[in-house]
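# Summary of the model geometry
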Amino acid sequence: MKQVGAKVWLALALAVPTRLWLGGVISGQRDLPLITRLVQRVRACAVTPAILVCVDGLASYVTAFLKVFRQPIYTGRRGRPRLVLPDGFQFAQVIKHSARRHVVGVTRRVLRGTLAGIEAVLEATATGTVINTAYIERLNATFRAHLAPLTRRGRAIARTEAALTAGMWLVGTAYNFCWPHDSLRRLAPPGAPRKWHERTPAMAAGLADQPWTIGDLLRFQVPLPRWVPPKRRGRPPKQPPLTAAA
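Residues numbered from 1 in each chain as written. Predicted model: local features only at pLDDT ≥ 70, side-chain atom pairs only at ≥ 80, totals over all residues. Heavy atoms only, no water.

Inspection of the entire model under this criterion finds 8 aromatic pairs. With a centroid separation of 5.0 Å and an interplanar angle of 65 degrees, the aromatic rings of W21 and W169 are classed as edge-to-face. On the criterion of sequence distance, the pair formed by W21 in strand β4 (residues 20-27) and W169 in helix α5 (residues 161-177) is long-range, its members being 148 residues apart. Sitting over the face of the ring of F69, R43 holds its NZ or CZ atom 5.5 Å from the ring centroid. Taking NZ or CZ as reference, R138 lies 5.5 Å from the ring centre of Y135, over its face. (Phe/Tyr/Trp six-rings, centres within 6.5 Å; stacked < 30°, edge-to-face > 60°. Helix = DSSP H or I, 4+ residues; strand = E, 2+ residues; numbered from the N terminus. Lys NZ or Arg CZ within 6 Å of the ring centre and 35° of its normal.)

Written as structure tokens, this is what we have:
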């Protein structure tokens, strides 16, 4: 992603069965802190840690997922509890080998779980027959088509990182709530005016019952977080003694 005088990296996450965009993180470096922030967002969105995760060949994904998804095992003994990955968590990696800017080979690795278990999840969710990252790559193409600074050989640049972040959330929320996805549509009941019942990723995830308009999205009021009073530093003030009323 191009910025004035610099380049920044954008990392995205997607729930493949519903095509729901889970969020993104922007940073000036494509390093472990960037990926860790993204994985923490994925963990916060996951209803259960027993999920299948597929990533590309970046080594930071392996480190971040295996660290963030660990859970403490309490045994009643003194000391820090041991951290282990939960049962049902499956992790796979797709490594593409390139030569002269062309992919010449693909290596698929199972880092957690079994190949049979991963293929069973892919078949049950109708998301492929082999380990792949095709869905997140298509999402990247969607963001490039709608956010000008993401184009590979364009002249559009962003002034600040805040503008890039705002554009990312605008495109992502419009993708979730406003844009129907062809792979999510269902046959309409007999007698309906249209053959297909269009659905957005938010509808498939149970977050909405109909496609939103851009106006609905921009007018939606996000509740503010609960106000927490700041902590006072130093000694607490002395309260004057209560006097009995005459």
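Right, let's talk about the nonpolar core for a bit. Nonpolar side chains in soluble globular proteins tend to end up buried together. Grouped together as the largest cluster of nonpolar side chains are 21 residues, with contacts concentrated most on I35, Y61, F65, F69 and F91. Elements supplying a minimum of two residues to this core: β3 (9-15), β4, α1 (32-45), β5 (52-55) and α2 (59-68). F69 has contacts with V39, V42, R43, P49, I51, V84, L85, P86 and F89, leaving out every residue within four places of it along the chain. In terms of nonpolar packing, the next biggest core, distinct from the first, is built from 15 residues, W21, L139, L150 and A158 among them. (Core = buried A, V, L, I, M, F, W, Y, C linked by side-chain atoms within 4.5 Å. Buried < 20%, exposed > 50% of the residue type's maximum accessible area, 1.4 Å probe, protein only. Contact = heavy atoms within 4.5 Å.)

Where strand β8 (residues 90-99) lies against strand β9 (residues 102-112), 9 bridges are found, and the strand directions are antiparallel. Counterpart to A92 in the pairing with β9 is V110. Taking the residues that link successive antiparallel strands as the turn, the β8-β9 hairpin has 2 residues, and the phi of R100 there is positive, at about 55 degrees. (Pairing = 2+ DSSP bridges.)

For the rest of this paragraph, the subject is the packing of helix α4 (residues 134-146) against α5. Direction vectors running N to C along α4 and α5 enclose 120 degrees, while the axes themselves pass 10 Å from each other. Classified by the angle their axes make, α4 and α5 are oblique. You can see that α4 and α5 cross each other, and the crossing is right-handed. Within the contact between the two elements, α4 uses L139, T142, F143 and H146 and α5 uses M168, V171, G172 and Y175. A class-by-class count of the residues in the contact of α4 with α5 yields 5 nonpolar, 3 polar and no charged. (Axes fitted to C-alpha atoms, helices over the stretch in contact; angles between N-to-C directions. Parallel < 35°, antiparallel > 145°, perpendicular 65-115°, else oblique. Left-handed = near helix turned anticlockwise from the far one by under 90°. Nonpolar A, V, L, I, M, F, W, Y, C, P; charged D, E, K, R; others polar.)

Here 3 strands make up an open sheet; going across it, the order is β5-β8-β9 and the pairing mixed. Each of the sheet's edge strands pairs with one partner strand only, and the pair in question is β5 and β9. With strand direction ignored, the average angle separating the axes of adjacent strands in the sheet is 15 degrees.

The phi dihedral of R19 is positive, around 60 degrees, even though this residue is not glycine. For R19, a relative accessible area of 10% translates into the label buried. Although it is not a glycine, A126 adopts a positive phi angle of roughly 55 degrees. Residue placement: A126 occurs in the loop between α3 (115-124) and α4. Take A126: its relative accessible area is 58%, and that puts it in the exposed class.

The subject of this paragraph is the pattern of salt bridges. The final tally for this structure, using the stated rule, is 3 salt bridges. For E137, the salt bridge is made with K96, and the minimal N-O distance between the two is 2.8 Å. Of this pair, E137 sits in helix α4 while K96 sits in strand β8, and the two are 41 residues apart along the sequence. E137 sits in the partly exposed class, given a relative accessible area of 35%. The exposure class of K96 is partly exposed, given its relative accessible area of 42%. (Salt bridge = Lys/Arg side-chain N within 4 Å of Asp/Glu carboxyl O.)

Next up on the list: the environment of P189. On the secondary structure map, P189 appears in the loop between β10 (186-187) and β11 (196-197). Between the C-alpha atom of P189 and that of V25, which follows or precedes it by 164 residues, the distance is 41 Å.

Relative to the assigned elements, F143 resides in helix α4. Residues F143 and G167, 24 residues apart in the sequence, show an inter-C-alpha distance of 9.6 Å. In this structure, F143 is in contact with L12, W21, L150, M168, V171 and G172, ignoring residues within four places of it in sequence.

Distances and angles like these do not, on their own, reveal function.
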